[in-house]
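The residues making up each chain are set out below.
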Amino acid sequence: MTFLFLICVICTLIYTICTVRELYHKKEITGFFIASAMYDLVFGILPTIIVAQLLWDGDEIRFLQGILDLTSDGIYALIYYYLLSFLGFAILYLSYHSKINIRFKAVSNQVDKSSLKNNSSRNFLLLSWISLLVGIISLYLWSSAYGSIFNLIVEANAVRSGVGSVTNSLAFFKHPARLVLICNFLFFTYLFKNKSSKKQLFYKFYGFIGLLIALSGSILFLLANDGRLTIVLYILAILWLSTAGKKIHHIQRMVFGGIGVIFISLFLLNEMDSITHFIRFGEWIDNGKSLASSMIHELSFLPLGAQTSILAGWNNEVGLTFFDDLVTGLCAWLPSSLKPSGYDDVWSINTILIWGDLSLSHGQYPCSFITQAYYDLRVIGIVLYSWGAGKVLKRIDQWSFDDSSLLTISLKAVIMEFILRGVAYFSFYDIMLGLFPIVIVIILSTMLQLLFSKRKIAE
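An account of the accompanying structure is given in this report.

Reading the values: the criteria
- Residues numbered from 1 in each chain as written.
- Predicted model: local features only at pLDDT ≥ 70, side-chain atom pairs only at ≥ 80, totals over all residues.
- Heavy atoms only, no water.
- Helix = DSSP H or I, 4+ residues; strand = E, 2+ residues; numbered from the N terminus.
- Contact = heavy atoms within 4.5 Å.
- Areas by Shrake-Rupley, 256 points an atom, 1.4 Å probe, with all protein chains shown as cover.
- Phe/Tyr/Trp six-rings, centres within 6.5 Å; stacked < 30°, edge-to-face > 60°.
- Buried < 20%, exposed > 50% of the residue type's maximum accessible area, 1.4 Å probe, protein only.
- Lys NZ or Arg CZ within 6 Å of the ring centre and 35° of its normal.
- Patch = residues over 30% accessible without salt bridge, like charges linked within 9 Å, V, L, I, M, F, W, Y side chains within 5 Å.
- Salt bridge = Lys/Arg side-chain N within 4 Å of Asp/Glu carboxyl O.
- Axes fitted to C-alpha atoms, helices over the stretch in contact; angles between N-to-C directions.
- Parallel < 35°, antiparallel > 145°, perpendicular 65-115°, else oblique.
- Left-handed = near helix turned anticlockwise from the far one by under 90°.
- Nonpolar A, V, L, I, M, F, W, Y, C, P; charged D, E, K, R; others polar.
- Core = buried A, V, L, I, M, F, W, Y, C linked by side-chain atoms within 4.5 Å.
- Expected span 1.5 Å × (residues − 1).

### A short note on the overall build of the protein
Secondary structure assignment for the protein yields 20 helices and zero strands. Counting only contacts in the protein whose residues sit at least 6 apart along the sequence, the fraction spanning at least 24 positions is 78%. Surface accessibility of the protein: about 22400 Å² in total, with carbon and sulfur atoms responsible for 66%.

Laid out in structure tokens, this is it:
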């Protein structure tokens, strides 16, 4: 156990140094910085706190002893896992900073210039309003089975747990309803990131009205979705958007400010159930947990899934899950009746290995980035996924911001949410669900570009 603690401490120091170095070097909040900071939290700080609790009889030692295998095999599994996590970070870092260029770089540049850019700020404003309309209609259809969105908000916790009393045949519309969240980024970008000096007060006014409606719709969606993490990530994405494209000149202030944001985020996660309960019913309920205890309970699925994946692999309890992950991801947008049988969600496989079933009493246990990669292809998966993630992050961080890239800025804010979430909650299925509203926005943008380009040709 002492050796495991030393590994966690050393890894935490390395992850932290690399994260701070990235900030000093780039002087902005990049995708790699966010990924590195989350990696530090998930695979460095959290396991260090948990092992320290076990070594020195902390307040949560009984809880941890109840969920983790603390036999020699269990400890060896954790040592092996966090060494693999370090390997994954090293490959991620080398991949991101490597000067090796991928052949489809020219193609991706063309995609940046065509699909994600809209040269007219007026067209961008129109896109924002159309997207908002689709999102509001979808939000209405999703909640219609409950009578209204406000009735859904009251039952949100039961619905999210799968024990709601209403069968919703229009539950699919929850996915396009997420457009209301993206529309906040669209209108915010139009109002505060548009450097064009030719903006008229008339269009600013309509942009401001759109932002208010999108904000109201987002609050309703977030309360109906009843996801604490989703709410916190949404707030963090707005914070990132407010700093996007700006260079940081006072790094020390930024470091301390970032630490403050982390503690505020953890505080919100700790108190979010009380906050949402107060909004719904006007009654405050104290959960009675300290910040450290709440963090351990909230994120305990990470070391538990880590240990379970290694032991299951060693004992041949589960085969490679790559095709399960791939097929469930590719079919994520299809209705349940059209999805192929014989392929399981890897998060469900992880849950069954931990609990023996998929009972609503404990819910589904997600996989972290390293856990999912290990389930899919074992060590080869960690190498391939980490290398691929480094290249994707590098490509995202190379997106330029100018007057013709308002859509790029907005969608990058959504992608920053992906990165914040993806280190701790990773699966192809989860990524595909998150991409659904983004694809809708890109399709709408492409249609508008084609429509206006044909109109110009006709003129």
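### Thoughts on the environment of Leu358
Inspection of the secondary structure assignment puts Leu358 in the loop between helix H17 (346-355) and helix H18 (369-397). As for Leu358 and Ser348, which are separated by ten residues in sequence, their C-alpha atoms are 7.0 Å apart. Other than its neighbours up to four places away in sequence, Leu358 contacts Ser348, Thr351 and Ile352.

### Quick look at the packing of aromatic side chains
Taken as a whole and judged by the stated rule, the model has 26 aromatic pairs. With centroids separated by 5.7 Å and ring planes inclined at 75 degrees, the aromatic side chains of Phe172 and Phe436 adopt a geometry described as edge-to-face. Of this pair, Phe172 sits in the loop between helix H8 (156-161) and helix H9 (174-177) while Phe436 sits in helix H20 (residues 428-458); the two residues are 264 residues apart in sequence, bridging distant segments of the chain. We classify Phe172 as partly exposed; its relative accessible area is 38%. Exposure remark for Phe436: the relative accessible area of 14% places this residue in the buried category. Ring geometry for Phe185 and Tyr234: centres 6.2 Å apart, planes at 35 degrees, overall tilted. Of the two residues, Phe185 sits in helix H10 (residues 179-192) while Tyr234 sits in helix H12 (residues 228-243), which places them 49 residues apart along the sequence. In this structure Phe185 comes out as buried when scored by relative accessible area, which is 0%. Three or more aromatic residues link up through ring pairs in this structure, and these residues are Tyr15, Phe32, Tyr39, Phe43, Tyr81, Tyr82, Phe86, Phe89, Tyr93 and Tyr96. When the ring centre of Tyr374 is taken as reference, the NZ or CZ atom of Arg378 above it lies at 5.4 Å.

### A word on a nonpolar patch on the surface
Together, Phe256, Ile259, Phe263, Phe267 and Leu291 make up a nonpolar patch on the protein surface, roughly 510 Å² of accessible area in all. Take the nonpolar patch: its biggest share by element is four residues, from helix H13 (residues 251-281). Along the chain, the position of Phe267 falls in helix H13. The class for Phe267 is partly exposed, based on a relative accessible area of 45%.

### Side note on the packing of H12 against helix H19 (residues 406-422)
Interaxial distance between H12 and H19 falls to 9 Å at its minimum, and their mutual angle equals 135 degrees. Taken as axis vectors, H12 and H19 run oblique relative to one another. The way H12 lies across H19 gives a crossing that is right-handed. Across the interface between the two elements, Leu229, Thr230, Leu233, Tyr234, Leu236, Ala237, Trp240 and Leu241 of H12 pack against Ile409, Lys412, Ala413, Met416, Glu417, Leu420 and Arg421 of H19. Split by residue class, the contact of H12 with H19 holds eleven nonpolar, one polar and three charged.

### Some points on the nonpolar core
Ile34, Phe43, Phe221 and Trp240 are the most contacted members of the largest nonpolar core, which totals 124 residues. Per-element accounting of this core gives the leading share, 13 residues, to helix H2 (residues 31-55).

### Notes on helix H11 (residues 201-225)
It helps to recall that an α-helix has 3.6 residues per turn; residues three or four apart then point in one direction. With 25 residues, H11 ought to run about 36 Å at 1.5 Å a step, and its terminal C-alpha atoms sit 35 Å apart, in line with that. Residues of H11 that are buried: Gly207, Gly210, Leu211, Ala214, Gly217, Ser218, Phe221, Leu222, Leu223, Ala224 and Asn225. At the C-terminal side of H11, Asp226 shows a positive phi close to 55 degrees.

### Brief notes about the pattern of salt bridges
Where charged atoms from two side chains of opposite charge approach closely, those side chains can pair. A full pass over the atoms with the stated rule returns two salt bridges. Where Glu22 meets Lys26, a salt bridge forms, and the shortest distance between an N and an O atom there is 3.2 Å. Of this pair, Glu22 and Lys26 both sit in helix H1 (residues 2-26), four residues apart, roughly one helical turn. For Lys26, a relative accessible area of 23% translates into the label partly exposed.

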